[in-house]
Amino acid sequence: MAWTKERLEEVAQTRLGGSKLIVVANREPYIHRYRDGEVEWIRPAGGLTTALDPVMRACGGVWVAHGSGDADAEVCDKNGRVRVPPDDPSYVLRRVWLSKDDEEGYYYGFSNSTLWPLCHQVYCRPMFDPSNWDAYREVNETFARAVLQEAEGGPALVFVQDYHFALLPKLLKAARPDLVVAQFWHIPWPNPETFLVCPWAKDLLDGMLGNDLLGFHTQYHCNNFLDTVDRALECRIDREKFAVTRGGHDTAVRPFPISVDTDLPKEYLGDDWEQRAKALRKKHRLAARPLLVGVDRVDYTKGIPERLRALDRLLTKHPELKEKFHFLQVGAPSRTHLPAYRDLADEVQELAEKINWEHGDDHWQPIVFLNEHCGQEDVMLLYRMAAGCVVSSLHDGMNLVAKEFVAARDDERGVLILSQFTGAAKELTDAVLVNPFDVDELATGLHLALTMPVEEQERRMRRMRIKVQDNNIYRWAGMLLSEVGKLVPEPVAPPTPEPIVPVNDPIEGRIARENFITAMRLAGC
Ligand code: G6P
């Protein structure tokens, strides 16, 4: 039976019983901001919010997130709550307010300058700054307080997202042992040697073992996590059941490959997409030439310079392709406060200009680089118009652009060029799989996208569409909820904070003491 919004609604009702669903993610699904003196709302770029919003629309509940828009407070009640989606409300967004210092240390610092490069193996050195670590701990506590407030007075399933909140599960369990806590780690988990260089690795792992269920995209990431825990902490690991027991508490570790809502492209494309496509071609002087597209946040894990260099190679090796196609890259500005991200945006801009200078002329420019936020309507339009979509991440937990592209192709055409270092490559084996570090291989992939016979495109696309349709976002959420239901069949005990007994190991003892103190503080003792 296919997974639909309706089926997920039913599963949520049975599995959640009377429990409230509380999702915690750093990024909010809707941002309110001022434009020309008026308040408007946008959907942020990034796979996490795109994937989870349909789940929340189906299940209802509360999404707790950092309120990052300059008009966010304007539309909220005194507790930071607002109902969303703004045009058709079906769940609550609870915004948490952070100071600039919090944001600097926790978000830009520990989350995106330590954990992000640590977990993505793309040769970007992680920063280990104790003051960022302090901010990360404090913000995890701030979020714990907000979640506990939302969970007051009844049973709840707290579904924590991503690397911003490694400490949150343990904090929540310490304050409310009856809460069911699950976490999904949206980025890769590296091997133990890589992860354990982090000076606070044990604290992070200990925090994550507060979960009842911990999900990764692939089995490989689950294995890496278990190996890391095995090396670092005192605990029992059951490799058959894929579970870790620490301090009497079990954490199940499972793969759940995330996906997309396959109905959305149709909704976003509407009936007038062909007219909009014509206007877009005119605006960017694309004529009727075949189009290759890339859609990413400007992030050094996405391999954007690599794909531009491959385009350069392609045009050098195949001068007959000049004036025969365009490559349009949407690069949503991301984390631009960090020098690594600003430098990357400059690098991409310069590379695009250099390649256009070398291979283009007044009438034809091979590369169009749009360094701007692009709404879902336009992104879907690009997928639908394209001859091919290029996903050349150097390392990526899943990559939902690949799945969105496939979902948008109801004509069963178009070629997906996909990095073998994405989680998506494990499922979408009918894509043209490439090593993005290999400029010749990537150039050959681009060439294939421009020359593949229609029958072969259709054969590959049909198979990929079946996979994405069968394994859609509703299935992902349904499987997670079913697993949570299995692990925690009955709600347990009334909400009393439980002390964690300090152990002798100096580091583990410190973790335990700190957890205990925090639990007491959060519980208002
Ligand atoms: C990745 C992360 C998400 C994040 C998204 C966008 O997909 O796994 O947690 O939300 O990037 O990044 P940002 O920092 O803008 O939220």
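Rules used in this analysis
- Residues numbered from 1 in each chain as written.
- Predicted model: local features only at pLDDT ≥ 70, side-chain atom pairs only at ≥ 80, totals over all residues.
- Heavy atoms only, no water.
- Helix = DSSP H or I, 4+ residues; strand = E, 2+ residues; numbered from the N terminus.
- Buried < 20%, exposed > 50% of the residue type's maximum accessible area, 1.4 Å probe, protein only.
- Contact = heavy atoms within 4.5 Å.
- Areas by Shrake-Rupley, 256 points an atom, 1.4 Å probe, with all protein chains shown as cover.
- Near = heavy atom within 4 Å.
- Polar contact = N/O pair within 3.5 Å; in protein donor to acceptor, adjacent residues only side chain to side chain.
- Nonpolar A, V, L, I, M, F, W, Y, C, P; charged D, E, K, R; others polar.
- Pairing = 2+ DSSP bridges.
- Axes fitted to C-alpha atoms, helices over the stretch in contact; angles between N-to-C directions.
- Phe/Tyr/Trp six-rings, centres within 6.5 Å; stacked < 30°, edge-to-face > 60°.
- Lys NZ or Arg CZ within 6 Å of the ring centre and 35° of its normal.
- Salt bridge = Lys/Arg side-chain N within 4 Å of Asp/Glu carboxyl O.
- pLDDT = per-residue confidence, 0-100.
- Expected span 1.5 Å × (residues − 1).

Description of the overall build of the chain
Turning to step 1, where the next piece is worked out: Looking only at helices and strands, the chain features 19 helices and 18 strands.
Turning to step 2, where the next piece is worked out: C-alpha atoms of the chain, sized along the principal axes, occupy 70 × 50 × 45 Å.
Turning to step 3, where the next piece is worked out: A burial count over the chain gives 59% of its 525 residues as buried.
Turning to step 4, where the next piece is worked out: Relative to all contacts within the chain whose residues are 6 or more apart in sequence, the contacts with residues 24 or more apart total 75%.
Turning to step 5, where the next piece is worked out: Surface accessibility of the chain: about 22100 Å² in total, with carbon and sulfur atoms responsible for 50%.

Section: the site of the ligand
Turning to step 1, where the next piece is worked out: Surrounding the ligand, one finds Arg-27, Ala-45, Leu-48, Tyr-107, Trp-116, Asp-162, His-164, His-186, Ile-187, Arg-297 and Arg-335.
Turning to step 2, where the next piece is worked out: Within the side chain of Arg-27, an N or O atom sits 2.9 Å from an oxygen atom of the ligand.
Turning to step 3, where the next piece is worked out: Arg-297 is positioned such that a nitrogen or oxygen atom in its side chain is 3.3 Å from an oxygen atom of the ligand.
Turning to step 4, where the next piece is worked out: Its residues assigned to classes, the shell around the ligand comprises five nonpolar, two polar and four charged.

Topic: the environment of Ala-232
Turning to step 1, where the next piece is worked out: Among the structural elements, Ala-232 can be located in helix 8 (residues 219-232).
Turning to step 2, where the next piece is worked out: On the accessibility criterion, Ala-232 (10% relative accessible area) is buried.
Turning to step 3, where the next piece is worked out: Each C-alpha atom of the pair Ala-232 and Gly-67 lies 35 Å from the other, and the pair is 165 residues apart in sequence.

With respect to the sheet that holds strand 5 (residues 81-84)
Turning to step 1, where the next piece is worked out: Overall, mixed pairing links the ten strands, which are arranged 5-6-4-1-7-8-9-12-11-10 in an open sheet. Only two strands of the sheet have a single partner each, and these edge strands are strand 5 and strand 10 (236-238). Taken over all neighbouring pairs, the strand axes of this sheet differ in orientation by 20° on average, direction set aside.
Turning to step 2, where the next piece is worked out: Here strand 7 (residues 156-161) pairs with strand 8 (residues 180-184) via five bridges, running parallel. Directly across from Gln-161, in strand 8, lies its bridge partner Phe-184.

Focus: the packing of aromatic side chains
Turning to step 1, where the next piece is worked out: What the rule picks out here adds up to 24 aromatic pairs.
Turning to step 2, where the next piece is worked out: Their ring planes at 70° and their centres at 5.8 Å tell us that Phe-110 and Trp-200 sit as a pair that is edge-to-face. Remark: Trp-200 occurs in the loop between helix 6 (192-195) and helix 7 (201-208) and Phe-110 occurs in helix 3 (residues 100-119); sequence separation between them is 90 residues. Take Phe-110 and Trp-200: they sit in the same class, and that class is buried.
Turning to step 3, where the next piece is worked out: One aromatic cluster is present, built from ring pairs that chain together Tyr-106, Phe-110, Trp-133, Tyr-136, Phe-143, Phe-165 and Trp-200.
Turning to step 4, where the next piece is worked out: Its end group placed over the ring of Trp-3, Arg-7 keeps NZ or CZ at 3.8 Å from the ring centre.

Examining the sheet that holds strand 14 (residues 326-332)
Turning to step 1, where the next piece is worked out: Reading across the sheet, the six strands line up as 15-14-13-16-17-18 and stay open at both edges, with parallel pairing between neighbours. In the strand order of this sheet, the two ends are held by strand 15 (367-370) and strand 18 (432-434), each with one partner. Taken over all neighbouring pairs, the strand axes of this sheet differ in orientation by 20° on average, direction set aside.
Turning to step 2, where the next piece is worked out: By the bridge criterion, seven bridges tie strand 13 (residues 291-297) to strand 14 in an arrangement that is parallel. Its bridge partner being in strand 14, Val-293 is matched across the sheet by Leu-328.
Turning to step 3, where the next piece is worked out: Strands strand 13, strand 16 (388-391), strand 17 (415-419) and strand 18 of the sheet are contacted by helix 16 (residues 439-451), whose axis makes an angle of about 165° with strand 18.

Observations concerning the side chain of Asn-472
Turning to step 1, where the next piece is worked out: If you trace the backbone, Asn-472 turns up in the loop between helix 17 (454-470) and helix 18 (473-487).
Turning to step 2, where the next piece is worked out: There is a polar contact of 3.2 Å between the side chain of Asn-472 and the backbone nitrogen of Tyr-474.
Turning to step 3, where the next piece is worked out: Ignoring sequence-local partners within four residues, the contact set of Asn-472 consists of Trp-3, Ser-259, Val-260 and Thr-262.

Looking at unusual backbone geometry
Turning to step 1, where the next piece is worked out: Going from Val-84 to Pro-85, the amide bond is cis rather than trans, its omega being -10°.
Turning to step 2, where the next piece is worked out: Within the element layout of this structure, Pro-85 appears in the loop between strand 5 and strand 6 (91-96).
Turning to step 3, where the next piece is worked out: One non-glycine residue with positive phi stands out, namely Arg-335, at about 50°.
Turning to step 4, where the next piece is worked out: With respect to the helices, strands and loops of the structure, Arg-335 is situated in the loop between strand 14 and helix 12 (339-359).
Turning to step 5, where the next piece is worked out: Relative accessible area serves as the criterion here: at 11%, Arg-335 is assigned to the buried category.

Thoughts on the pattern of salt bridges
Turning to step 1, where the next piece is worked out: Using the criterion set out here, one finds 36 salt bridges in the structure.
Turning to step 2, where the next piece is worked out: In this structure, Arg-176 engages Asp-178 in a salt bridge whose closest nitrogen and oxygen atoms are separated by 2.7 Å.
Turning to step 3, where the next piece is worked out: Judged by relative accessible area, Asp-178 falls into the buried class, the value being 11%.
Turning to step 4, where the next piece is worked out: Glu-458 is the partner of Arg-462 in a salt bridge, and the nearest nitrogen-oxygen pair spans 3.7 Å. Of this pair, Arg-462 and Glu-458 are both found in helix 17, four residues apart, which corresponds to roughly one turn of the helix.
Turning to step 5, where the next piece is worked out: Within the structure, one salt-bridge network assembled from shared partners comprises Lys-20, Arg-81, Arg-94 and Glu-150.

Considering the confidence of the model for the chain
Turning to step 1, where the next piece is worked out: When pLDDT is averaged across the chain, the result is 94; 93% of the residues are at 70 or more.
Turning to step 2, where the next piece is worked out: For residues 497-503, every residue scores under 50 in pLDDT, and the model assigns this stretch 17 contacts once sequence neighbours within four places are set aside.

What about helix 11 (residues 304-317)?
Turning to step 1, where the next piece is worked out: For helix 11, spanning 14 residues, the distance from its first C-alpha to its last is 20 Å, which sits close to the expected 20 Å at 1.5 Å a residue.
Turning to step 2, where the next piece is worked out: Where burial is concerned, most of helix 11 is hidden: ten out of the 14 residues are buried.
Turning to step 3, where the next piece is worked out: Taken residue by residue, helix 11 has Ile-304, Pro-305, Glu-306, Arg-307, Leu-308, Ala-310, Leu-311, Asp-312, Leu-314 and Leu-315 as its buried positions.
Turning to step 4, where the next piece is worked out: Tucked into the core, helix 11 has its buried residues touching strand 13, strand 14, helix 12, strand 15, strand 16 and helix 16.

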